[in-house]
Every structure is written in C-alpha cells, then in structure tokens.
Amino acid sequence: MTTTATRPPLAFRATGSGPAVLWIHGYTMDASIWDELWTLLPGWRHIGVELPGHGQSPPLEPGATLSGVATQVADVCAATGARHVVALSFGSCVALQLAADYPDLVRRLVIGAPTIAGAPSEPGTDKRYRELALLRHMAPRLSATIPAGELLADLWMQSPPDIFRGTEAHPGLRARLRSVIVRHRWDELGTGAMQAVTRDAQTDDDLRRVTAATLVFQGDEDMPTFFDNAARLERVLADCRVKPVPGAGHLVLLERPS
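Presented here is a report on the structure given in the accompanying data block. All values derive from a computational prediction rather than experimental measurement.

Conventions and cut-offs
- Residues numbered from 1 in each chain as written.
- Predicted model: local features only at pLDDT ≥ 70, side-chain atom pairs only at ≥ 80, totals over all residues.
- Heavy atoms only, no water.
- Axes fitted to C-alpha atoms, helices over the stretch in contact; angles between N-to-C directions.
- Helix = DSSP H or I, 4+ residues; strand = E, 2+ residues; numbered from the N terminus.
- Parallel < 35°, antiparallel > 145°, perpendicular 65-115°, else oblique.
- Left-handed = near helix turned anticlockwise from the far one by under 90°.
- Contact = heavy atoms within 4.5 Å.
- Salt bridge = Lys/Arg side-chain N within 4 Å of Asp/Glu carboxyl O.
- Buried < 20%, exposed > 50% of the residue type's maximum accessible area, 1.4 Å probe, protein only.
- Pairing = 2+ DSSP bridges.
- Right-handed = clockwise from strand over helix to strand, strands pointing away.
- Arc of directions from axis to C-beta.

### Quick word on the packing of helix 5 (residues 148–156) against helix 6 (residues 171–182)
Here is step 1: Interhelical geometry of helix 5 versus helix 6 gives an angle of 130° and a closest axis separation of 8 Å. Taken together, the axes of helix 5 and helix 6 lie oblique to each other. For the pair helix 5 and helix 6, the sense of crossing is right-handed. Residues Gly149, Glu150, Ala153, Asp154 and Trp156 of helix 5 lie in contact with helix 6, whose contacting residues are Arg178, Ile181 and Val182.

### Points about the pattern of salt bridges
Here is step 1: Scanning the entire structure with this criterion turns up 15 salt bridges.
Here is step 2: The residue Asp101 makes a salt bridge to Arg209 at a minimum N-O spacing of 3.1 Å. Of this pair, Asp101 sits in helix 3 (residues 90–101) while Arg209 sits in the loop between helix 9 (204–207) and strand 6 (213–219), and the two are 108 residues apart along the sequence.
Here is step 3: Judged by its relative accessible area of 25%, Asp101 is partly exposed.
Here is step 4: Since its relative accessible area comes to 35%, Arg209 is described here as partly exposed.
Here is step 5: A single network of salt bridges, built from pairs that share partners, joins Asp101, Asp206 and Arg209.

### A closer look at the pairing of strand 5 (residues 108–112)
Here is step 1: When strand 4 (residues 84–88) meets strand 5, the two strands line up parallel, connected through five bridges. Bridge pairing in strand 5 places Leu88 opposite Gly112.
Here is step 2: Running through helix 3, the crossover from strand 4 to the neighbouring parallel element strand 5 is right-handed.
Here is step 3: The sheet contact formed by strand 5 and strand 6 spans five bridges and is parallel. Its bridge partner being in strand 6, Gly112 is matched across the sheet by Phe217.

### A closer look at helix 5
Here is step 1: Buried within helix 5 are the following residues: Gly149, Leu152, Ala153, Leu155 and Trp156. Each buried residue of helix 5 lies within a common arc of 165° when the element is viewed along its axis, so the set occupies one face.

### Focus on the sheet that holds strand 5
Here is step 1: Taken together, seven strands build an open sheet; the order of strands is 1-3-2-4-5-6-7 and the sheet is mixed. Sheet topology places strand 1 (12–15) and strand 7 (240–245) at the edges, where each strand pairs with a single neighbour. Going from strand to strand, the sheet's axes swing by 20° on average, the running direction of each strand aside.
Here is step 2: Relative to strand 3 (residues 45–49), strand 1 is paired through four bridges, and the arrangement is antiparallel. Note that in strand 3 the partner of Thr15 across the bridge is His46.
Here is step 3: Sheet strands touched by helix 2 (residues 66–80): strand 1, strand 2 (20–24) and strand 3. Its angle to strand 2, the strand with the most contacts, is close to 160°.
Here is step 4: Relative to the sheet, helix 10 (residues 224–236) contacts strand 5, strand 6 and strand 7, its axis offset from that of strand 6 by approximately 160°.

### Details of unusual backbone geometry
The bulk of non-glycine residues show a negative phi, and the bulk of peptide bonds are trans.
Here is step 1: Omega for the peptide link from Ser159 to Pro160 comes to -10°, which places this bond in the cis form.
Here is step 2: You can see Pro160 is positioned in the loop between helix 5 and helix 6.
Here is step 3: Residues other than glycine seldom take positive phi values, yet Ser89 does so here, at roughly 55°.
Here is step 4: In this structure, Ser89 sits in the loop between strand 4 and helix 3.
Here is step 5: Not every positive phi belongs to a glycine, and Ala113 is a case in point at roughly 55°.
Here is step 6: Relative to the helices and strands, Ala113 resides in the loop between strand 5 and helix 4 (125–142).
Here is step 7: Judged by its relative accessible area of 1%, Ala113 is buried.

So this is what it looks like as structure tokens:
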C-alpha cells in the first residue's frame, strides 16, 4: 500500500516477536505509554504507531482529515503485517476509521475509552482546548523559568474534564504520562489542524463498515460520554462486546494494565 506516498511516513516503535499488534495512543501521548502493557503480553510483536504531530511523527497538516490520518496508519499496518489493533481515547476514533475504511486490514479491534468522532464531547472539553491554545500563545511571556511544555501539560491534566482523574490513584503512571505530555509539540493548536480532524463525524452507517471483532474496555469511573459511546458501538457494530473494568477511569488500559 502506497496511499500516502506524498506524506512522510508515521514513526513507530516495535518490540517482541509473534503475531503483530498495532497500538494507537491518545492525544498528546506517544508510543512509549504502552511499555508496561507490552511487558504483560509476551508472544506478540507490538507495533506502537505515533500519530501525526506526536512523538517522532511528522506534524498534523492543516486541513487534515480523520480518514487521512487513518490512511497513514493503514500504511503502517500494511508495512508491518499488523491485523490486530489496540487503541485508547482519541486513538480509538482513529482505529474505528481505520477499521471502517480498511476492513480487510483489521481483523480484531480492542478499544479503551471509546471515542467516536462527531459524538457529543464531555462538558468542559471544548473550553479546555481553547485554554490550551491561549496558553500556548501566551506561555513564553508568562514565565521565564517554567518551560511552556510543563505549563501546557499541567493545564491539560487538570479536571474537569476528567481525562486524567483516574491517574490520581496511580502516582507513578501520572508522573510518566506527564513526562510524555511535556514533550508534546502542540503545533496543532497553532495551525488548527486538530480542529479540522475532530470536525469529522462517524455516523452509524460509517461504523457499520467495521467488520472486525471488537472488544471495548470501559472503566466504570469514566465520564458519561464514553458510556454512551460504548453502548452505541455495542448496538451498531456487527461483532462488539463491552467489558467493564472496575476501579478504572478514562485511561482504562493504562490505569489497569493487568
């Protein structure tokens, strides 16, 4: 597959041996978040793709679309032979688009914190994005001693919305995630590229194109929006089941890796 020949390829990390599994991280994260889970899952070749604008991948281009991002990820699937996909939070709407647009590439799909493009956002999310964009613009003038990345990471991890609230019970995980988010470049806030991607909507008809056997992990302390998304996927997808995870919030796969 050479569907994105005009764009630089996405970066990915690979480890282990066995059947290939592609892992798609959430917004502002990178492939390093999966290390603990990979340790718990020997016997597989783990491929951690880094989404555009994240980790070592090229920036998210202005005017990018969700289908375009899914196509870039499809190229990684084709190159690595990965036919099983695991995704978290924003990564899950990319994974759903991947499975809908390229059903022959995705046999099994595992989702945590199910996110559906175009579904109602959790209250406070849009406000937080506006705050982040303003802070990115103002940060160099606000502090001469605290790097902009640290200011942005601390704002992003505040509640509400409760994206990171579940990590408060896991200080080590929270510290590791903060160190990853501090590295995030935030270019998409300046270019408007992230808004362009998140404006796309996944309709029920779009989701019905997903043929992969799908398992949704739902933290029982997650935000209400994501319970609604899980119920919708279970209703609409041809082969989908939802597994509740006690004592987990939004970042269920990271909070309860075992």
